[in-house]
Amino acid sequence: MRLSQYFLPILREDPKEAEIVSHRLMLRTGMIRQSSAGIYSWLPTGYRVLRKIEQIVREEQNRAGALEMLMPTIQPADIWRESGRYEDYGKEMLRITDRHERDMLYGPTNEEQITEIFRDSVKSYRDLPRILYHIQWKFRDEIRPRFGVMRGREFLMKDSYSFDLSPEDARVSYNKMFVAYLRTFERMGLKSIPMAADTGPIGGDLSHEFIVLADTGESQVYCDRDLIEGSAPAEDIDFDADLTPIVKSWTSKYAATDEKHDAERFEKEVPEDKRVSARGIEVGHIFYFGTKYTDPMNCRVQGPDGKLVTIECGSYGIGVSRLVGAIIEASHDDDGIIWPDPVAPFHVALINLKANDAETDAACDDLYGKLGAAGFDVLYDDTDERAGGKFATMDLIGLPWQVIVGPRGLKQGEVEIKRRATGERETLTPEAALNRIIGGAA
């Protein structure tokens, strides 16, 4: 993409309304613009990141055997009354009425909707187990939306739902999602820590939240050092294996939030040299709640013995839009964002130091074409902006690689490349620079 043809409304000053790093940088880099309190438009750069995160989430859900679908954002209130949750959920749920005076709501979650679908579609144990998911916009009317996409009212979420014949089978589905979450965050360049959590309005008696470590995180986290340094890569875990020991190995290591009793217990139970205190951000939450929804909504199947069995369920959420902010909180410096390669809006910033110079333009065009042919998304600064402004903009946006092309270097047959994450610079021939980037992404 040529910058001269792109929409990138950069802000040179920090917005006054931005309280945290991710909100400030998302506004400054033209990723988002506020529509109303807690509701944002996603501009081209932000939307590219959002879609890359969404695709990683999708791939790992599919890999775990979940099946993608799509449910509506507007739900009938009757199914929430059927589950008994309509009055209990609170003012966070936006309740509306259609022209026929029917009670509706803008879905904050989809347990009732998916249970109704499954109840009306599945009648035999032979159709179990199943895990269904979708990636959809949700709305929760937060009393005080703040921190940009980290605590907005409208947000993009992946929510999946498991349906099993027995509690034992349901734990298998739960474990698959547990591991899928570890893999998902790992692929985004994030270190996530699963912690036992309250079930809240979702219900049930088993739940984990996934915390991403970030110096500017909203919660203080205390954990065993092994959770950060000693765990094997989630990529190596085989979904066909028995995942119970893996999940137990994670949850047996101690982790706690910043509540006083948790901190005291942490200091008592974990040796001082295994012990780590860090800050973190919640990006995912999983629940096993058994028959909380299927029982009141009469979601049953015929079992192997011919008797009706109430289906056991779990739900599993990932804040896709929240992850954009979480990644920035975990990966930035004083100059701007530092995108991990898999989620960067573009892989390479190609900087032409003398636009409209025939030799420089030709070298940039050649690199632009070859990088694109190699599968790299390139943001090519072909504008006549001053060099200092170009460098500042590209550091602010935080693309993984910069390729800097100017007439002085070309006289020596060279271009400069910079790795944004480390600041490391190399002067190479254009062909060697191309090979270095391709090899660095392998």
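An account of the accompanying structure is given in this report. Here the structure is a predicted model, which is why all the values come from computation and not from measurement. Sequence order as written defines the numbering, with residues in each chain counted from 1. Under the rules for a predicted model, residues below a pLDDT of 70 receive no local features and side-chain atom pairs below 80 are neither given nor counted, while totals for whole chains, interfaces and linings still include all residues. The basis for the side-chain values is all heavy atoms of the structure; hydrogens and waters are excluded.

Here the focus is the sheet that holds strand S6 (residues 103–106). The strand order across the open sheet built from three strands is S4-S6-S5, with neighbouring strands paired in antiparallel fashion. Of all the strands in the sheet, the pair left with one neighbour each is strand S4 (74–76) and strand S5 (94–97). Recorded for the sheet is a direction-independent mean angle of 35 degrees between the axes of neighbouring strands. Two strands are said to pair when DSSP picks up at least two bridges between them. Helix and strand assignments follow DSSP, with helices taken as H or I runs no shorter than four residues and strands as E runs no shorter than two, numbered in order from the N terminus. Throughout, an axis means a line fitted to C-alpha atoms (over the contacting stretch in the case of helices), and angles, computed between N-to-C directions, take values from 0 to 180 degrees.

We now examine the nonpolar core. Grouped together as the largest cluster of nonpolar side chains are 74 residues, with contacts concentrated most on Met31, Ile53, Met188, Val324 and Trp339. Per element, the largest residue contribution to this core is nine residues, and it comes from helix H5 (residues 167–187). Working rule for contacts: check all heavy atoms of both residues, and any pair within 4.5 Å makes them a contact. Sequence-distant contacts of Val324, defined by excluding residues within four places in its chain, comprise Met26, Met31, Trp42, Val49, Leu50, Ile53 and Trp339. The nonpolar core is taken to be a set of buried Ala, Val, Leu, Ile, Met, Phe, Trp, Tyr and Cys residues, with the residues joined through side-chain atoms within 4.5 Å. Throughout this description, buried means an accessible area under 20% of the type-specific maximum (1.4 Å probe, protein chains only), exposed means over 50%, and partly exposed covers the range between. Core analysis: the second largest hydrophobic core is formed by 19 residues, Val348, Val378, Tyr380 and Val405 among them.

Take the environment of Leu67 next. Mapping Leu67 onto the fold places it in strand S3 (residues 67–68). By relative accessible area, which is 43% here, Leu67 ends up partly exposed. In sequence terms Leu67 and Asp120 are 53 residues apart; their C-alpha atoms lie 18 Å from each other. With residues near it in sequence (within four places) discarded, Leu67 still touches Arg130, Ile131, Leu132 and Tyr133.

Here the aromatic set is Phe, Tyr and Trp, taking the six-membered ring for Trp, and pairing holds for ring centres within 6.5 Å; pairs whose planes are under 30 degrees apart are stacked, those over 60 apart are edge-to-face, and all others are tilted. Using the criterion set out here, one finds 11 aromatic pairs in the structure. With a centroid separation of 5.4 Å and an interplanar angle of 45 degrees, the aromatic rings of Tyr368 and Tyr380 are classed as tilted. Of this pair, Tyr368 sits in helix H10 (residues 358–373) while Tyr380 sits in strand S20 (residues 378–381); the two residues are 12 residues apart in sequence, bridging distant segments of the chain. Each ring is checked for a lysine NZ or an arginine CZ that lies within 6 Å of its centre and within 35 degrees of its normal; such an atom marks a charge sitting over the ring. Here the guanidinium or amino end of Arg95 rests over the ring plane of Tyr86, the centre of that ring lying 4.7 Å away. In this structure, Lys292 packs its charged tip against the face of Tyr293, placed 5.5 Å from the ring centre.

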